[in-house]
Amino acid sequence: MALSRRNFLKLSVATAISANGLALFPAGKVFASDTLVIPSATHYGPFNAVVKNGKLIGVQPINDIDPFPTEMLTKGILSRTYDDTRIKYPMVRKSLIEDPLGNHNPHLRGKEPFVRVSWDTAIALTAYCIARTIEKHGNEAVFSSSYGGWSHAGLNRPQTLQGRFFNLIGGQSCCAGDYSAGASGVILPHVIGDMEVYSPQTAWKVIEENTELVLFVGCDPWKTNRVEFRVADHSMQKHWEAFKEKGVKFVSINPQKTQTDKELGSELINIRPNTDTALFSAMSYYLVKSGKHDQAYIDKYTVGFDKYLAYLNGTDDGVEKTPEWAAEITGVSAQQIKDLADLCMSKRTQIAAGWALQRADHGEMIHWAIINFASIMGKIGKPGQGAGFSFHYGNGGTAQSGKRMPIGLSQGRNPITKTCPVVMISDMLNNPGKAYTRDGSNLTLPNAKLIYNAGNNLLSHQQNTNELIQALNNNIDTVICQDAWWCASAKHADIVLPATSTLERNDITSGGTYSNNKIYAMRQVVEPVGESLDDYEIFSRLAFMFNVHDKYTEGKTYLQHIKASYEASDATDDFDTFWKNGVTHLSTPEAAQDWTRHGDFYKDPEAHPLHTKSGKIELFCETVASYKADGCPGMPQWIPPFEWLGNAKQGQVHVLSPHPWMRLHSQMANADVNSHESVDGRQIVLINKDDAAERGVKDGDLVEVYNDRGALLAGAKITDEAMRGVIYIHEGAWLQLDSKGRCNSGSINMLTSSQPCSGLSDATSANTCLAYFKKCSDPESPNQAYQPPKIVKTDAQVNLWSLELGKRIKAVAAAEGPEQSPGEKLYYSSCTLCHAAPHPSDFTYKQWKGITTSMFPRSGLNDSDRKLVLEFLKEHAKQG
């Protein structure tokens, strides 16, 4: 049955659907007086929790807000709440508990059992390890791997609260960039004046009234819009369906037929992975060579065309970027390339490109090449035309309310400025102090000795898992993991602090990443499982140990913080009404329905210049060229990646790691819904039927996938919807190593490379990956990744006095930082809530003006506050 809204609703209006003794109740059902209905929200959508006698018994979707609730919401959050993988009590690895002042045997991480301890002991040991690290190596040695906060949809995410605590005691070194769109987030501000990948898209109404052709490039909005950084409401399907009904044509460039292609009837053009830049270069060449390009648009709205044209014509390298040239690289015929270019030129074309494209070697090139192609056609800024890089996320296309959203607790200013690009964490551990470049700046990697990991599965996120584990064991004294579940990062930690799940805490969040049209109460549904505590309470206890409790709490209760956050927004309901109802709606101006991305620039480029150095679209960028960054020239060029089908050895295939259908990265991997991703409990690997037959693999077989970096076991799913030479392993499976070092669960990062995509962004190249596969005949056991570790008792007792905490904490007490200007205070309190705060010098002032256009509505600042922040950023921004 097709996964359409219509079919889902036919099922959801039936009587309650059983799920592990829990139930999916139809919307609108009325319950008896002994049953509580509590409104809440998650990454997977808003819902009413149905609670009886203190136990969660079911979920009730809210169909008038979320017309297409997913099974991640209706079943997943139920089955994982009381799962065996819940961390119920504070735990310490056996070696540490037996000799806290001595050798902790880091090589036993992931192998050694844990010992249950009291919260007092766990907090004391955590404080001791933090203080000892700072005392010996300085605050830089405390490294936060907590990253992006995807574990919780509320504003007060684990990594934000962690930053708040550590910044009060002298700071911590942090991650820079992100895995999601790290390459484009750095290059596109230079090219078009905004990150684009995290920006609002042209409104649905404009698309419906103007667009004739949608070109999907590595993009599957039917799947990736199922989750969101805040709260997904799954409202985009109706718009795409309306476009189809109207007769909009859909073409998809992808190695695989996606769910979106099936729903919309897209014409599919299979392409070899990592070769899209060659395709768009050839289409640009063809349009110019045949005189079909829009020279007047190029002259008025762009700079650098002469240099880009020289590249296309092969002036320097002697290679014309013809369709025939690209056909050899991409596997797309020269005639198809010409026909597609003609089609795009002749239609009002909206390009919708996915983020996955740029998670590859030389990842900066592809989105830039798409922008250049759209510019050569003369389309950017015209209604329903151009290039968009976030239609597949956050319901991109929904009209923007422009209203102020609530803000969470501030991280504050981090006194430590050293950062590590996320993909370089293993490099940082192995080579502390190593020099590197990022976006034209010369930097050095931190000297990390303690890893603090709150609400993030580092051993799932990070590429080249074997390299990471070895680097942790060789170089890190202490790994502290704060989580609700025994994921791999918890199992490989020294101290494990049990955090509550989303359902066991109060918080507040907003709906619509771009629309900003709803605010949700994330009300606590059930009591914490075991002795788990919410992240605010855990860091409050650590703050008490370090004598910064008053500053951390500001003398308020947690609920008072939530209320203050709500009241700082543009919501009109009073807080008590909002908290009771669970949601408040914010109106959207009618004019927002007619908004076109870069429309003002197109209408008047002089009055509304882009936030690039030139004020125009930079087909060639002098600034980027001047950086001379390894692997990133000053214009988009096809550069063969370090691994691709063009240099594959006999028997190798290209391995792609797309988002899963029933998970949010590694979340839900321990839930019943993960069975959709599994064969006999292991991650599926999607294999072309001819590739499978060549190796004697049948549907449901266990296969081993391997390369020089590692190996994994996965369950074969045979298909004719994926092109030959390419296999797919969804990211996010939990890790479990067998005696041969193979992941028995199917974790993709056993295979991927940690090589940065270039010296400009240092972003991930995860989708640049070759491997072999074969039928597996020697599995050692069923998958054990979703089982808790061994817990043992010990006679060892921690002598808390021997830790000398008072003396150590006094020795590392942080001095008061310099007094902050009003704009600086606002910036570090309101604009740093998603990841660690970007340093003002990470971008030029012009770039900040473009980036803050999307950032400010989510930061809860009024017009005068925004002016103060911009003044601060102008004073401290990168020059150039």
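Residues numbered from 1 in each chain as written. Predicted model: local features only at pLDDT ≥ 70, side-chain atom pairs only at ≥ 80, totals over all residues. Heavy atoms only, no water.

(A) Spotlight on the pairing of strand E4 (residues 45-52). The element E4 is largely enclosed, with a buried count of 7 among its 8 residues. Looking at chain direction, strand E3 (residues 35-42) and E4 are connected through 8 bridges and run antiparallel. Bridge pairing in E4 places Thr42 opposite Gly45. Between E3 and E4, which pair antiparallel one after the other, the connecting turn spans 2 residues. In the sheet, E4 pairs with strand E5 (residues 55-61) via 6 bridges, with the strands oriented antiparallel. Of the residues in E5, the one forming a bridge with Ala49 is Val59. As consecutive antiparallel partners, E4 and E5 are separated by 2 residues, and within that stretch Asn53 has a phi angle of approximately 55°, a positive value. (Buried < 20%, exposed > 50% of the residue type's maximum accessible area, 1.4 Å probe, protein only. Helix = DSSP H or I, 4+ residues; strand = E, 2+ residues; numbered from the N terminus. Pairing = 2+ DSSP bridges.)

(B) The packing of aromatic side chains, seen in detail. The tally for this structure, following the rule as stated, stands at 40 aromatic pairs. Arranged with centres 4.5 Å apart and planes meeting at 35°, the rings of Tyr297 and Tyr301 form a pair that is tilted. Within this pair, Tyr297 and its partner Tyr301 are both found in helix H12 (residues 295-301), separated by 4 residues, close to a single helical turn. With respect to class, Tyr297 is no different from Tyr301; both count as buried. Consider the rings of Phe843 and Trp848, whose centres lie 5.2 Å apart with planes at 80°: the pair is edge-to-face. (Phe/Tyr/Trp six-rings, centres within 6.5 Å; stacked < 30°, edge-to-face > 60°.)

(C) Unusual backbone geometry, seen in detail. Phi at His362 takes a positive value of approximately 60°, unusual for a residue other than glycine. You can see His362 is positioned in the loop between strand E14 (349-353) and helix H16 (364-377). Using a relative accessible area of 12% as the deciding quantity, one classes His362 as buried. Its identity is not glycine, yet Asp680 carries a phi of approximately 50°, on the positive side. Inspection of the secondary structure assignment puts Asp680 in the loop between strand E27 (678-679) and strand E28 (682-688).

(D) Quick peek at the nonpolar core. Of all hydrophobic cores here, the largest spans 109 residues; its most connected members are Leu215, Val217, Phe280, Ile351, Ile370 and Ile617. Top element by residues in this core is H16. It accounts for 10 residues. Once you skip the residues sitting within four places of it in the chain, Leu215 turns out to touch Val251, Ile253, Phe280, Leu340, Cys344, Gln350, Ile351 and Ala352. (Core = buried A, V, L, I, M, F, W, Y, C linked by side-chain atoms within 4.5 Å. Contact = heavy atoms within 4.5 Å.)

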